[in-house]
Amino acid sequence: MLNINLYLIEYAINSLLRQKAKTLFIFFVFTFLVFLISSVFFISNSIKHELKSTTEKLPSLTIQQLKGGKITYIDKAIADDIVAIAGVKNALPRVWGYYFFQNAGANFTVMGIDGFEAQYTQSLSKVVKNSGNITKLEESSMLIGEGVKEILSQNYYKNFFNFILSDGSMKKVDIAGVFKSDIELQSNDMVLVSKELAHEILDIEDYLSTDIVVEISNPEEVDTVVQKIQNLYPSLRIVSKEDFLVSYENIFDYKSGVFLALFIISLFTFFIIIYDKVSGLTSAEKKEIGILKALGWGVDDILKEKFYESFVVSFLSYLAGVLFAFIFVYFLNAPVLRDIFEGYSQLKTTFTLPFVFDFQTLMLVFFITIPVYVAATIIPSWKVATLDADEVIR
């Protein structure tokens, strides 16, 4: 089986060409199944990578104020008490929230920034300091993510945007520039403004903030710092970076359940084809094997020819399916199929799936398709090839 016989390969290809309709049917079905399975794996890997990158760059702790079991705004002065705790590197009150743009049915994340204070992530710090962005964050200007720019452009907002405030009045804010962070999932729908403007847009009083992010010098001291903060302010809700990661994974596991159902359906369809192959050869295929035996072909020659025949079809289908999946996911951004993981809500801006090359995924798709199909072709052929030639022909 390991010795390559070019004449057998030529005969196998000619045999496939003689059965064009059947060969094309198997090729298209096989390609579609590989495409579907590969696409879902590619989407899954990309979103996992993006979520992992997001959580890795989050602050050590995020502190929120609870009132009546609900999250509410927190007093900025609490940050001064927290930063005095041993082990705390920095405590930064954040002013941020969601602004619903009704015309597009999308939510923008409005983030208040003070260009002269430390930012809570390195990516955000790069954005603020890049190309003089600090000076652009004036009272009536903003920096926007690429997803926000696309939506505003579609609604004829090129140079400015009118925010509707809580009292019904409008606040005109100039678009000072467009930024792109290294974490697109986090920054694509973001609007950066000065903290004063964020207070006005989100209707948050000056002495309050949305939450407080805390950086801890030694990761081993996180639990100790959390306990000290809870002793000072029992009503606070403290969320660690690990808590966010677990939350993301739980959401993704739920989405993966939908993926699993789709995956099982695809495999079920594939194995229906396999079952049809294993259940037996057609009379024409049996007669062909009998004639080959009568001409002097051995059992090993017949099995090699069937191996080449099945491998050519399955391998070409595999390559075509993976290639189409690659184009579909990373060039077309996986329309429709990515909604399995993201959901169908319109209250979000889109982002481009980052390219993630996972050799294990390609090998997994390879081994759950090609060897199974090849075996399903060889086994019934072997059963017929071991019989006498005259018996097979009759």
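**Section: the pairing of strand β10 (residues 190-194)**
Reasoning step 1: With five of its five residues buried, β10 lies for the most part within the structure.
Reasoning step 2: The sheet contact formed by strand β6 (residues 106-113) and β10 spans five bridges and is parallel. Note that in β10 the partner of Gly-112 across the bridge is Val-193.
Reasoning step 3: Where strand β7 (residues 141-145) lies against β10, two bridges are found, and the strand directions are antiparallel. In the strand pairing of β10, Ile-144 is matched with Val-191.

**Remarks on the sheet that holds β7**
Reasoning step 1: Across the sheet, six strands lie side by side as β5-β6-β10-β7-β9-β8; this open sheet has mixed pairing. For this open sheet the edge positions go to β5 (96-101) and β8 (160-164), each flanked by a neighbour on one side alone. Between one strand and the next, the sheet's axes are offset by a mean angle of 35°, whatever the strand orientation.
Reasoning step 2: Where β7 lies against strand β9 (residues 170-179), five bridges are found, and the strand directions are parallel. Residue Met-142 lies in a different strand from β9, and its bridge partner there is Ile-175.
Reasoning step 3: Lying on the sheet, helix α6 (residues 146-154) is in contact with β5, β6, β7, β8, β9 and β10; it crosses β7 at an angle near 105°.
Reasoning step 4: The strands touched by helix α8 (residues 195-202) are β5, β6, β7, β8, β9 and β10; relative to β10, the strand with the most contacts, the crossing angle is about 115°.

**Overview of the nonpolar core**
Reasoning step 1: Core analysis: the largest hydrophobic core is formed by 32 residues, its most contacted members being Phe-42, Ile-43, Tyr-318 and Val-329.
Reasoning step 2: Of all elements in the fold, only α2 (20-56), α12 (299-330), α14 (359-367) and α15 (370-385) reach the threshold of two or more residues within this core.
Reasoning step 3: With 12 residues, α2 is the single largest residue contributor to this core.
Reasoning step 4: Setting aside residues up to four positions removed in sequence, Tyr-318 forms contacts with Val-34, Leu-362, Val-365, Phe-366, Thr-369 and Ile-370.
Reasoning step 5: One finds Ile-144, Phe-163, Val-173 and Leu-202 within the second-largest nonpolar core, a separate group that totals 25 residues.

Cut-offs applied
Residues numbered from 1 in each chain as written. Predicted model: local features only at pLDDT ≥ 70, side-chain atom pairs only at ≥ 80, totals over all residues. Heavy atoms only, no water. Buried < 20%, exposed > 50% of the residue type's maximum accessible area, 1.4 Å probe, protein only. Helix = DSSP H or I, 4+ residues; strand = E, 2+ residues; numbered from the N terminus. Pairing = 2+ DSSP bridges. Axes fitted to C-alpha atoms, helices over the stretch in contact; angles between N-to-C directions. Contact = heavy atoms within 4.5 Å. Core = buried A, V, L, I, M, F, W, Y, C linked by side-chain atoms within 4.5 Å.

That is the geometry; function is a separate question.
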